[in-house]
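One letter stands for each residue in the lines below.
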Amino acid sequence: MTYYSGKDGFISYNGATVAKVSNWSLSTTVETLDTTNLSLNDRTFVPGLRASTGSATIFYYDEAAKPLLERIVKTTATSEDDILTIKLGWGAKGIQSSCIITSAELNCAVGEIMQATIQFQFTGVLSNVAL
Amino acid sequence: MSTSGPSFPDLVPTARSMSPGDFASKVFRSQSGIEARVQYGNKAFNKTLDLEYNNITEANAAAIFDHYLACNGTLYYFLLPQKPKSGNETFHTNDQSNSTSNRYGSVSFGLSYRYAEPPQFNSVKPGRMSVTIKLIGVLDS
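Being a predicted model, the structure only gives us computed values, none of them experimental.

## Description of the overall build of chain A
Of the regular secondary structure elements, chain A holds 1 helix and 8 strands. Helices and strands appear in chain A in the N-to-C order β-β-β-β-α-β-β-β-β. Taking 2.2 N^0.38 as the reference for a compact globule, 131 residues should give roughly 14 Å; the C-alpha atoms of chain A span a radius of gyration of 18 Å, well beyond that estimate. By its C-alpha atoms, chain A is 65 × 45 × 30 Å across when sized along the principal axes. In chain A, which comprises 131 residues, the proportion classed as buried is 29%. Long-range contacts, defined as pairs at least 24 residues apart, comprise 57% of the intrachain contacts of chain A with a sequence gap of at least 6.

Pasting the structure below:
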């Protein structure tokens with residue numbers, strides 16, 4: 001039995017590990033489709049479409065967050081070329097899939113280390129899942 | 001007597017609404033505003049029954065599609081089996097009799113159901129579809 005903690009976590013994009021990650025999170029949801037018919041007294045459902053989103057906070061150490069930020073914070077329009085493969089990992093485990101950076105936030109405050117917060121939307125089926 | 005198509009697929013809908021239609025009548029209104037109504041028939045007609053089948057399997061949606069084609073679209077009349085009328089057992093007794101307590105039915109009121117318009121098929125996700133159907137109960141010739 002093994003406990004995992006923050007020191008085991010990492011993020012990699014297109015195979016390269018992102019340095020100085022403070023935290024990440026993943027959320028997967030499945031819609032439900034209502035199939036209740038008029039002969040029933042209790043609602044019934046079947047699984048609908050699934051979606052996964054994630055977020056991460058990265059300390060702005062050197063240019064650790066740059067490859068992710070520059071996907072949407074740039075002078076040109078975003079395109080399908082900005083879809084990247086992100087892996088959220090812990091130890092030998094992890095979840096990997098293509099995703100789109102949907103939000104990027106840079107925070108710079110007196111007395112605090114500058115950090116970037118990104119949010120991303122996975123697109124398509126999760127290509128690698130090891131829980 | 002118009003041609004009859006096959007019976008409608010025996011599927012319980014997810015939503016249903018019905019309007020019982022009205023009797024043939026004519027209103028005569030005088031200049032003073034007094035009106036007189038003359039009834040021309042003893043049966044209500046143009047009864048409408050709207051059925052919704054949400055998130056059903058593609059096989060069931062295909063059965064409805066095939067039934068519509070087998071009825072030559074809005075042309076042929078057909079019978080509704082029990083399940084499309086089920087769910088309100090006091091309002092609709094749901095037996096095989098021609099009792100007027102079968103309020104969702106057509107035969108007991110001297111009517112025949114046919115498609116009022118082509119059914120609407122919506123794709124929800126792989127394997128699941130939704131279908132909206134509008135039926136009209138008319139006096140068969």
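This is not the end of the story, as more comes after the structure.
## What about the interface of chain B and chain A?
Counting from both sides, the interface comprises 12 residues of chain B and, opposite them, 11 residues of chain A. Buried surface at the junction of chain B and chain A, both sides included, amounts to about 870 Å², of which 64% is carbon and sulfur. Across the chain B-chain A interface, the total number found is 0 salt bridges. Remark: the boundary between chain B and chain A carries 3 residue pairs in polar contact (both at pLDDT 80 or more). Secondary-structure elements contributing two or more residues to the side of chain B that touches chain A are β1 (15–19), β4 (47–57) and β6 (120–125) of chain B.

## A few points about the confidence of the model for chain B
Residues and elements named next belong to chain B. Mean pLDDT over chain B stands at 93; residues scoring 70 or higher make up 99%. Considering each helix and strand of chain B separately, the mean pLDDT is smallest for strand β3 (residues 35–45), with a value of 93, and largest for helix α1 (residues 58–70), with 97. Reported confidence for the predicted complex is 0.81 by ipTM and 0.82 by pTM.

## With respect to the pattern of salt bridges
A pair can form between side chains of opposite charge whenever their charged atoms are brought close. Counting across every chain of the model gives 6 salt bridges over all chains. Across the pair A:Asp34 and A:Arg43 runs a salt bridge, and its minimum N-O distance is 2.4 Å. Residue A:Asp34 is classed as partly exposed on the basis of its relative accessible area of 24%. Residue A:Arg43 is classed as exposed on the basis of its relative accessible area, which comes to 58%. We note a salt bridge from B:Arg29 to B:Glu35, for which the minimum N-O separation is 2.7 Å. For B:Arg29, a relative accessible area of 58% translates into the label exposed. One continuous salt-bridge network, built from bridges that share partners, spans B:Arg29, B:Glu35 and B:Arg37.

## Examining the packing of aromatic side chains
All names here are of chain B. Applying the stated rule across the entire model yields 8 aromatic pairs over all chains. An angle of 50 degrees between the planes, with centres 5.1 Å apart, marks the rings of Phe78 and Tyr115 as tilted. With Phe78 in the loop between α1 and β5 (111–115) and Tyr115 in strand β5, this residue pair connects regions lying 37 residues apart in the sequence. For the pair formed by Phe78 and Tyr115, the shared burial category is buried. Grouped by ring-pair contacts, the aromatic residues Phe8, Tyr53, Tyr68, Phe78 and Tyr115 constitute a single cluster. Positioned above the aromatic ring of Tyr104 is the side chain of Arg16, whose terminal nitrogen or guanidinium carbon lies 4.0 Å from the ring centre. Here the basic side chain of Arg103 rests over the ring of Phe91, its NZ or CZ set 5.7 Å away from the ring centre.

## Re the nonpolar core
Judged by nonpolar contacts, the single largest core of 21 residues is most densely connected at A:Ile58, A:Leu68, A:Leu84, A:Ile86, A:Ile101, A:Ile118 and A:Phe120. The residues contacting A:Leu68, other than those within four sequence positions of it, are A:Tyr13, A:Val18, A:Ile58, A:Leu84, A:Ile86, A:Ile101 and A:Ile118. By size, the runner-up hydrophobic cluster in this structure holds 20 residues, among which are B:Ile64, B:Cys71, B:Tyr113 and B:Tyr115.

## Looking at the pairing of β4(B)
All names here are of chain B. Where β1 lies against β4, 5 bridges are found, and the strand directions are antiparallel. Across the sheet, the residue bridging to Met18 is Leu49, located in β4. With 9 bridges connecting them, β4 and strand β7 (residues 128–139) associate as antiparallel partners. Residue Ile56 lies in a different strand from β7, and its bridge partner there is Met129.

The rules behind these values
Residues numbered from 1 in each chain as written. Chains lettered and ligands numbered in written order. Predicted model: local features only at pLDDT ≥ 70, side-chain atom pairs only at ≥ 80, totals over all residues. Heavy atoms only, no water. Helix = DSSP H or I, 4+ residues; strand = E, 2+ residues; numbered from the N terminus. Rg over C-alpha atoms; globule rule 2.2 N^0.38 Å. Buried < 20%, exposed > 50% of the residue type's maximum accessible area, 1.4 Å probe, protein only. Contact = heavy atoms within 4.5 Å. Buried area = accessible area lost by both parts, 1.4 Å probe. Salt bridge = Lys/Arg side-chain N within 4 Å of Asp/Glu carboxyl O. Polar contact = N/O pair within 3.5 Å; in protein donor to acceptor, adjacent residues only side chain to side chain. pLDDT = per-residue confidence, 0-100. Phe/Tyr/Trp six-rings, centres within 6.5 Å; stacked < 30°, edge-to-face > 60°. Lys NZ or Arg CZ within 6 Å of the ring centre and 35° of its normal. Core = buried A, V, L, I, M, F, W, Y, C linked by side-chain atoms within 4.5 Å. Pairing = 2+ DSSP bridges.

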